[in-house]
Amino acid sequence: QVQLVESGGGLVQAGGSLRLSCAASGRTLSNYAMGWFRQAPGQEREFVAAITRTGGRTYYPDSVKGRFTISRDRAQNTIHLQMNNLKPEDTAVYYCNAASGSGSYYYTVREYEYWGQGTQVTVSS
């Protein structure tokens, strides 16, 4: 089993940047397809980014494409989410997730078995 812990959230003005990190213990993250989701108050959890086991491919919804970048740090057994040009609508709790399935990547909640506790991102206008 893998334990995930997110960090790096905070309060930032619109147009600013944040870098989220997801540290893992218990397993090597290269064994998992990884992703980030977010959830705003009163809304469903939303797919934000995914990365394959090798890190060779990444996937984003249109809402964050060109602004967010997911990456792997194998030496630190960590994944990151670099968020640039943040907007107030990016305000949410951000969750790191891991999937052990055979697919290259996933973008739905039910395909990820492991979740972190979340980190709050607040973007002020």
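Here, the structure is the one placed above.
Computed from a prediction, not measured in an experiment: that's the story for all the values here.

Q: Before we move on, could you go through the state of the cysteines and cite the residues and values that matter?
A: Throughout the structure, instances matching the rule amount to one disulfide. With a sulfur-sulfur separation of 2.0 Å, Cys22 is cross-linked through a disulfide to Cys96. Disulfide Cys22 to Cys96: torsion about the S-S bond roughly -70 degrees, handedness left-handed. A residue pair is termed long-range when its members are at least 10 positions apart, and Cys22 in strand E3 (residues 18–25) and Cys96 in strand E9 (residues 92–99) qualify at 74 residues. The class of Cys22 is buried, set by a relative accessible area of 0%.

Q: Give me the environment of Cys96: which residues, what numbers.
A: Look at Cys96 and you get buried, because its relative accessible area is 0%. Residues Cys96 and Gly42 lie 54 residues apart in sequence; the distance between their C-alpha atoms is 20 Å. Dropping the residues within four chain positions of it, Cys96 is found in contact with Leu4, Glu6, Cys22, Met34, Gly35, Trp36, Ile79, Tyr114, Trp115 and Gly116.

Q: Report on the pairing of E3, specifying residues and quantitative values.
A: Here five bridges tie strand E1 (residues 3–7) to E3, and the two strands are oriented antiparallel to one another. Looking at the pairing, Gln3 lines up with Ser25 of E3. Both E3 and strand E8 (residues 78–83) contribute to a ladder of six bridges, which runs antiparallel. By the bridge assignment for E8, Ser21 is matched with His80.

Q: I'd like a rundown of the nonpolar core, residues and numbers included.
A: Formed by 30 residues in total, the largest nonpolar core has its most connected members in Leu4, Met34, Trp36, Leu81, Met83 and Tyr94. Within the residue set of this core, elements represented by two or more residues are E3, strand E4 (33–39), strand E5 (46–51), strand E7 (68–73), E8, E9 and strand E11 (119–124). For Leu81, the contacting residues outside a window of four places in its chain are Leu18, Arg19, Leu20, Trp36, Val48, Ala49, Phe68, Thr69, Ile70 and Tyr94. The next biggest cluster of nonpolar side chains, apart from the first, holds seven residues, and it includes Phe37, Ala50, Ala99 and Tyr112.

Q: Can you lay out the side chain of Arg72 for me, pointing to particular residues and giving the numbers?
A: Checked against the element boundaries, Arg72 lands in strand E7. A distance of 2.9 Å separates a polar side-chain atom of Arg72 from the backbone oxygen of Leu29. In terms of polar contacts, Arg72 uses its side chain to reach the backbone carbonyl oxygen of Arg53, at 3.4 Å. Once you skip the residues sitting within four places of it in the chain, Arg72 turns out to touch Leu29, Ser30, Tyr32, Ala33, Met34, Ile51, Thr52, Arg53, Gly55, Thr78 and Ile79.

Q: Pulling in residues and values, what's your account of the sheet that holds E3?
A: Taken in spatial order, the four strands line up as E1-E3-E8-E7 in an open sheet, and their pairing is antiparallel. Of all the strands in the sheet, just E1 and E7 have a single pairing partner and so form its edges. If you compare each strand with its neighbour and ignore which way they point, the axes differ by 20 degrees on average.

About the criteria used
- Residues numbered from 1 in each chain as written.
- Predicted model: local features only at pLDDT ≥ 70, side-chain atom pairs only at ≥ 80, totals over all residues.
- Heavy atoms only, no water.
- Disulfide = S-S within 2.5 Å.
- Helix = DSSP H or I, 4+ residues; strand = E, 2+ residues; numbered from the N terminus.
- Buried < 20%, exposed > 50% of the residue type's maximum accessible area, 1.4 Å probe, protein only.
- Contact = heavy atoms within 4.5 Å.
- Pairing = 2+ DSSP bridges.
- Core = buried A, V, L, I, M, F, W, Y, C linked by side-chain atoms within 4.5 Å.
- Polar contact = N/O pair within 3.5 Å; in protein donor to acceptor, adjacent residues only side chain to side chain.
- Axes fitted to C-alpha atoms, helices over the stretch in contact; angles between N-to-C directions.

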